[in-house]
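What follows is the residue order along each chain.
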There are 6 protein chains.
Amino acid sequence: MPTIQITLIEGRTPEMRHRLISDVSAAAAQALEISVEKVTVALYEVPADNYGTAGVPRALA
Amino acid sequence: MPTIQITLIEGRTPEMRHRLISDVSAAAAQALEISVEKVTVALYEVPADNYGTAGVPRALA
Amino acid sequence: MPTIQITLIEGRTPEMRHRLISDVSAAAAQALEISVEKVTVALYEVPADNYGTAGVPRALA
Amino acid sequence: MPTIQITLIEGRTPEMRHRLISDVSAAAAQALEISVEKVTVALYEVPADNYGTAGVPRALA
Amino acid sequence: MPTIQITLIEGRTPEMRHRLISDVSAAAAQALEISVEKVTVALYEVPADNYGTAGVPRALA
Amino acid sequence: MPTIQITLIEGRTPEMRHRLISDVSAAAAQALEISVEKVTVALYEVPADNYGTAGVPRALA
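Only a predicted model underlies this, so the values are computations on that prediction, with no experimental measurement involved.

## Digging into the interface of chain F and chain A
Phase 1: Counting from both sides, the interface comprises 24 residues of chain F and, opposite them, 24 residues of chain A.
Phase 2: Taking both sides of the interface into account, the surface hidden between chain F and chain A amounts to around 2,100 Å²; carbon and sulfur atoms contribute 61%.
Phase 3: Looking at the side of chain F facing chain A, the largest losses of area belong to Met 1, Ala 31 and Leu 32 of chain F, adding up to 28% of the total buried there.
Phase 4: Remark: the boundary between chain F and chain A carries two salt bridges.
Phase 5: Between Arg 19 of chain F and Glu 33 of chain A there is a salt bridge whose closest N-O contact spans 3.2 Å.
Phase 6: Along the contact surface separating chain F from chain A lie nine residue pairs in polar contact (both at pLDDT 80 or more).
Phase 7: Of all the secondary structure elements, the ones that give two or more residues to the side of chain F that touches chain A are β1 (3–9) and α1 (14–32) of chain F.
Phase 8: If you tally residues by element for the side of chain F that touches chain A, the top one is α1 of chain F, at ten residues.
Phase 9: The sheet contact formed by strand β1 (residues 3–9) of chain A and β1 of chain F spans five bridges and is antiparallel. The partner of Thr 7 of chain A across the bridge, within β1 of chain F, is Thr 3 of chain F.

## A word on the packing of aromatic side chains
Each pair of aromatic rings is reported with the distance of its centres and the angle of its planes.
Phase 1: Counted under the stated rule, the structure contains six aromatic pairs over all chains.
Phase 2: Where Tyr 44 of chain A meets Tyr 44 of chain D, the ring centres are 6.3 Å apart and the plane angle is 85°; that geometry is what we call edge-to-face. Remark: Tyr 44 of chain D occurs in strand β2 (residues 40–46) and Tyr 44 of chain A occurs in strand β2 (residues 40–46); the pair is interchain, linking two chains.
Phase 3: The structure contains a cluster of three or more aromatic residues connected by ring pairs, namely Tyr 44 of chain A, Tyr 44 of chain B together with Tyr 44 of chain D.

## Notes on empty space enclosed by the protein
Phase 1: Summed over all chains, the structure comprises one cavity of 30 Å³ or more.
Phase 2: Space inside the largest cavity adds up to approximately 300 Å³.
Phase 3: Surrounding the largest cavity, 18 residues form its lining, Gln 5 of chain A, Gln 5 of chain C, Gln 5 of chain D, Gln 5 of chain E together with Gln 5 of chain F being those nearest its centre.
Phase 4: Those elements giving two or more residues to the lining of the largest cavity turn out to be β1 of chain A, β1 (3–9) of chain B, β1 (3–9) of chain C, β1 (3–9) of chain D, β1 (3–9) of chain E together with β1 of chain F.
Phase 5: A per-class count over the lining of the largest cavity returns six nonpolar, twelve polar and no charged.

## Let's talk about helix α1 (residues 14–32) of chain B
Along an α-helix, residues three or four apart share an orientation, since each turn contains 3.6 residues.
Phase 1: Between its first and last C-alpha, α1 of chain B extends 27 Å over 19 residues, near the 27 Å set by a 1.5 Å rise per residue.
Phase 2: Taken together, the buried positions of α1 of chain B are occupied by Met 16, Arg 17, His 18, Leu 20, Ile 21, Val 24, Ser 25, Ala 27, Ala 28, Ala 29, Ala 31 and Leu 32 of chain B.
Phase 3: Those residues of α1 of chain B that are buried lie in contact with β3 (51–53) and β4 (56–57) of chain A, β1 and β2 (40–46) of chain B together with β1 and α1 (14–32) of chain C.
Phase 4: Just downstream of α1 of chain B lies Glu 33 of chain B, where phi reads positive at about 55°.

Parameters at a glance
Residues numbered from 1 in each chain as written. Chains lettered and ligands numbered in written order. Predicted model: local features only at pLDDT ≥ 70, side-chain atom pairs only at ≥ 80, totals over all residues. Heavy atoms only, no water. Contact = heavy atoms within 4.5 Å. Buried area = accessible area lost by both parts, 1.4 Å probe. Salt bridge = Lys/Arg side-chain N within 4 Å of Asp/Glu carboxyl O. Polar contact = N/O pair within 3.5 Å; in protein donor to acceptor, adjacent residues only side chain to side chain. Helix = DSSP H or I, 4+ residues; strand = E, 2+ residues; numbered from the N terminus. Pairing = 2+ DSSP bridges. Phe/Tyr/Trp six-rings, centres within 6.5 Å; stacked < 30°, edge-to-face > 60°. 1 Å grid on protein atoms, 1.4 Å probe; cavity = no way out; pocket = protein on both sides within 12 Å on 5 of 7 lines; lining within 4 Å. Points joined across faces, edges and corners; volume = space filled by probe spheres on them. Nonpolar A, V, L, I, M, F, W, Y, C, P; charged D, E, K, R; others polar. Expected span 1.5 Å × (residues − 1). Buried < 20%, exposed > 50% of the residue type's maximum accessible area, 1.4 Å probe, protein only.

Listed below in structure tokens is the structure:
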């Protein structure tokens, strides 16, 4: 606790995804004044066909 | 806001997924009396081995 | 299948939430060319303190 | 109802995933004293680069 | 890992929710052949106005 | 995009939750090299009866 779930468009390098996990975990732990050991992060990558704002898929935007 | 997340069995064409994003966004905006610009949709496709009702994976149903 | 999850700021009337469930279910069924009986919707209401874009909680925006 | 969503590291066999769906559905139905027909399970598999505790991606742990 | 998220209609006793967490965790650990220490469960309770199948809110069904 | 969802035990002050939204948004934007305007965060607070690791609800731990 807490559990952090991040949905993002696929295509980032493993290094960028590792950094995302590391930096978001650290930020959450600091904001909540808890140990980073308590934080879990999962990334859900979706293709640009599967994500859209205002009804427009990212693949077409 | 709102954020809409849809889990579905993989295998639909990009065109069908685009239409799903578009139509669900429009329906949500109209029901909530907000601009469609405020609506975000993400689709999570899972294989038929990963989804089941009544304890039976779709792949076996 | 599909399962639709909608996160929204709390405060809508039950009637508006019922309409959201009904209209989004119908739109998804039509877009996916399936029976509406197959669609499940869950609404997750969060307070304005718990939702933000660009780092700004809705409660302060 | 209920809807159960399980995030796990990718790599399990289909047989193990089928058993996970079956056994978790049965356990939930029994604990809630409902029919297993009412239970839906979805599995979200993520690569080891996309999951981490304490800020450390599983791929590096 | 794994992270299990269960959405259910509100109204169960704490004892029933505790049993749900306990039994589902045990079932998942056994199915995946891992220690139960690795399993996390979160329950999301929603009112009957906020959940529906076939477009019909549970509150009206 | 990205959409960040954080599940945590209820009980934090609004100020702490605002800081969590702000700091996690900033960390994600920096790690992904995108504008913070693109980041959305939602917090889902659950009671200690509804969250558990190793099969033990937090309320009993």
